[in-house]
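Okay, here's what each chain looks like letter by letter:
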Amino acid sequence: MEGWDPNTKSTLTKIPLLGTKAGPRDGAAWTQRLKEEYKALIAYTQMNKSNDNDWFRISAANPEGTRWTGKCWYVHNLLKYEFDLQFDIPVTYPSTAPELELPQLDGKTQKMYRGGKICLTVHFKPLWAKNCPRFGIAHALCLGLAPWLAAEVPILVDSGMIKHKDDATTSTES
Amino acid sequence: MEVELKQLMADLQSLNQSLPDPSLHASLLKIQSRVEHLASLAKSEPVRRSKVKDMSAEVVDSNPYSRLMALQRMGIVENYERIREFSVAIVGIGGVGSVAAEMLTRCGIGRLLLYDYDKVELANMNRLFFRPDQVGMTKTDAAVQTLSDINPDVLLESYTLNITTVEGFETFMSSLKNKSFCTSKQGSGVDLVLSCVDNYEARMAVNQACNELSQTWLESGVSEDAVSGHIQLLIPGETACFACAPPLVVASGVDERTLKREGVCAASLPTTMGVVAGLLVQNTLKFLLGFGQVSPYLGYNSLKDFFPTMQMKPNPQCSNFACLERQKEYILAKPARDAAVKAKLEAEAPSTEEGPLHIDNEWNISVVDDCELDVSSAKSSDILPEGLTHELPVADDFRNIPTSEAPTTDNEDLEELRRQLEAINSK
Ligand SMILES: [Zn+2]
């Protein structure tokens, strides 16, 4: 696990691993995989809460569990910045990771593909490929989104590309 | 012309203002309105060529196919006009796919199926094909607009969708299966799929569809640093599929660690993309019209003008189930293949004196059968030719992982787990 900070590393190892290699087109095997996804997400969310590092909410947006929506947030200079989070489970999952999208930041940063898909580091895809099918949604959030927010939100705030919601209200009032 | 008319209008305007005699104003206004009328005519009526029923070899400047039909006269291609029977699906209408679509359109391909979910934006203007006035249109609509102008003989189908989603993938599959264009065709409804996408996820989706449909496809790609690219032929069961081994990429020679990636996702050049599109369509034409040899894998390192090649056999341990099915079928069909090769050789033997004959689709049969015997010619995934490298590592063999690691309780209810997550989420 070269190229990862020790914090990410130690958190990652505590998220339960998954065992079923199945994608959304695999019928009953996908249901089994979904159960494992839920268990990993529940464990990861609980872990974040007990470490006082709660930073996302995610839930399935359809009964098939192929589309997920929620929120994620990051605290910078004691202010909380919150964003919508969404992604689809690709047909080739888990061979390929879900492409995490922050639609509100589309066009605001270079570290993003069109449609608000976050641009992952060179370390993400190799690690995901190596650990297929043991990594799931929770691992993608931990390895993909958390480091992205930590790197990009401070830049977006400092460069004025995004404003804190209280700032925005005061500026419109004045 | 537009500029000239505008200039003329401006001149008339200033003449009108400087004229001391008001009696001349009326006739000047008349001239002005006629120029205005001309300007609107020039705008609204671009020249459109009409459809052509049969491809003619006649060399006249009004024949759009004369130079292509000359390939047949020169003996390069046996029957060029067959191109009108072929359907090609292009997935990804970006810097490579749009140019490939234009090339095939100009070549008079029968039918093109175009897939993309993106819109044209100004940031695309460093690449070929799209124009600034198309900004905001979907890439598929903009492509149809331009391509139908260039050659109205081509049947164009556009699909604005993302093939990696469950819904998009289903539409993708059913569009490939539709045989209405050429009902006598065997297999799927298209002759070749060209993958011109820019990411691993979409390539894996194309691979999945083509493995399931036993559909031959050509993969293409340009590196994120814009200085290298590749094309690859994939025949399910016969050659390695995209999941058989980690994707191969051309080493640019630039050290990954010194490559400055901060601040940007990807660079792009019209040159590299144009070269790759050219290589892709050249091999498409060779495949469809049965001339020359189709490259199993051809890399392009633009910094050194180096073109590494190689070929890969399928991996019997491939993680893709459909790939393993195709591999089984390919092995079962070996006696029939051998018999066909033998019959072909016998049929061709006496006729060789009659003149230069084309060994139709030779690559399809002999090259691969050679490598079935000559193991050393087909590189294993560990030994790569100079200048090529794997983009991703191989997955650890998860079947060897002790079962205690994998969750074993499957009698839990999915709804219950969903409720549990919602309960934690709402706390
Ligand atoms: Zn395979």
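None of these values were measured; they are calculated from a predicted model. (Residues numbered from 1 in each chain as written. Chains lettered and ligands numbered in written order. Predicted model: local features only at pLDDT ≥ 70, side-chain atom pairs only at ≥ 80, totals over all residues. Heavy atoms only, no water.)

Enquirer: How would you sum up the overall build of chain A? Please name residues and give values.
Expert: Tallying secondary structure elements over chain A gives 5 helices and 5 strands in all. Against the 2.2 N^0.38 benchmark of 16 Å for 174 residues, chain A shows a C-alpha radius of gyration of 17 Å, consistent with a compact globule. Overall, chain A is about 55 × 35 × 30 Å in size when its C-alpha atoms are taken along their principal axes. Out of the 174 residues belonging to chain A, those deemed buried represent 52%. Across chain A, every contact between residues at least 6 apart in sequence was considered, and the portion connecting residues at least 24 apart equals 53%. Just so you have it, chain A exposes about 7500 Å², and 51% of that area is on carbon and sulfur atoms. Seen as two clouds, the 21 positive and the 19 negative side-chain charges of chain A have centres 6 Å apart. (Helix = DSSP H or I, 4+ residues; strand = E, 2+ residues; numbered from the N terminus. Rg over C-alpha atoms; globule rule 2.2 N^0.38 Å. Buried < 20%, exposed > 50% of the residue type's maximum accessible area, 1.4 Å probe, protein only. Contact = heavy atoms within 4.5 Å. Areas by Shrake-Rupley, 256 points an atom, 1.4 Å probe, with all protein chains shown as cover. Lys, Arg positive; Asp, Glu negative; His and termini not counted. Charge placed at Lys NZ, Arg CZ, Asp CG, Glu CD.)

Enquirer: I'd love a proper account of unusual backbone geometry, names of residues and values included.
Expert: Residue and element names in this part refer to chain A. Following Tyr93, the chain continues to Pro94 via a peptide bond in cis, the omega torsion being 0 degrees. Within the element layout of this structure, Pro94 appears in the loop between strand S3 (79-88) and strand S4 (112-113). In this structure, Asn77 is a non-glycine residue whose phi angle is positive, near 50 degrees. In this structure, Asn77 sits in the loop between strand S2 (67-76) and S3.

Enquirer: Could you give an account of the UniProt feature "active site" (unreviewed entry) in chain A, with specific residues and numbers?
Expert: According to UniProt, the "active site" (unreviewed entry) feature falls on Cys119 of chain A. For Cys119 of chain A, the location among the structural elements is in the loop between strand S5 (117-118) and helix H3 (124-130). (UniProt positions renumbered as here; feature names shortened; annotations may be inferred.)

Enquirer: Explain the environment of Pro64 of chain B residue by residue, including any values.
Expert: Residue and element names in this part refer to chain B. Here Pro64 shows up in the loop between helix H2 (25-44) and helix H3 (66-73). Pro64 gets classed as partly exposed once you look at its relative accessible area, which sits at 36%. Residues within four places of Pro64 in sequence aside, it is in contact with Arg49 and Val52.

Enquirer: Describe the nonpolar core, and please don't skip the residues or the numbers.
Expert: Core analysis: the largest hydrophobic core is formed by 51 residues, its most contacted members being Trp68, Leu102, Leu141 and Leu145 of chain A. Broken down by element, the residue count for this core peaks at 12 residues, all from helix H4 (residues 137-158) of chain A. (Core = buried A, V, L, I, M, F, W, Y, C linked by side-chain atoms within 4.5 Å.)

Enquirer: Please give an account of the coordination of the zinc ion that cites residues and values.
Expert: Residue and element names in this part refer to chain B. Taken together, Cys241 (SG), Cys244 (SG), Cys318 (SG) and Cys323 (SG) make up the protein donors of the zinc ion, found 2.3 Å from the metal. Between the 4 donor atoms coordinating the zinc ion, the angles at the centre fall across 104 to 113 degrees, so the site counts as tetrahedral. Taken in chain order, the donor set of the zinc ion reads C-x2-C-x73-C-x4-C. Here Cys323 lies in helix H9 (residues 321-332) and Cys244 lies in the loop between strand S6 (228-234) and strand S7 (248-250), a separation of 79 residues in the sequence. By relative accessible area, Cys244 is classed as buried at 7%. With relative accessibility at 0%, the residue Cys323 sits in the buried group. (Donors = N, O, S within 2.8 Å, 3.2 Å for Na, K, Ca; no water. Tetrahedral: all angles 85-135°; square planar, octahedral: opposite > 155°, others 65-115°.)

Enquirer: Lay out the sheet that holds S3 of chain A in plain terms, naming residues and giving numbers.
Expert: Residue and element names in this part refer to chain A. The 3 strands are arranged S1-S2-S3 in an open sheet whose pairing can be described as antiparallel. Edge positions in the sheet fall to strand S1 (56-60) and S3, since each of these pairs with one other strand and no more. Strand after strand, the sheet turns through a mean of 10 degrees between neighbouring axes, direction not considered. By the bridge criterion, 10 bridges tie S2 to S3 in an arrangement that is antiparallel. Among the inter-strand pairings, His76 is bridged to a residue of S3, identified as Leu79. (Pairing = 2+ DSSP bridges. Axes fitted to C-alpha atoms, helices over the stretch in contact; angles between N-to-C directions.)

Enquirer: So what's going on with the pairing of S1 of chain A? Which residues, and what values?
Expert: All names here are of chain A. Buried residues dominate S1, accounting for 4 of its 5 residues. In terms of strand pairing, S1 meets S2 through 5 bridges, oriented antiparallel. Along S2, the bridge assignment pairs Arg57 with Lys71. A loop of 6 residues connects S1 with S2, the two strands running antiparallel in sequence, and Gly65 in this loop sits at a positive phi of about 70 degrees.

Enquirer: Any chance you could break down the pairing of strand S3 (residues 155-160) of chain B for me, citing the residues and the numbers?
Expert: Relative to S3 of chain B, strand S2 (residues 111-116) of chain B runs parallel, the two sharing 6 bridges. Looking at the pairing, Leu114 of chain B lines up with Ser158 of chain B of S3 of chain B.

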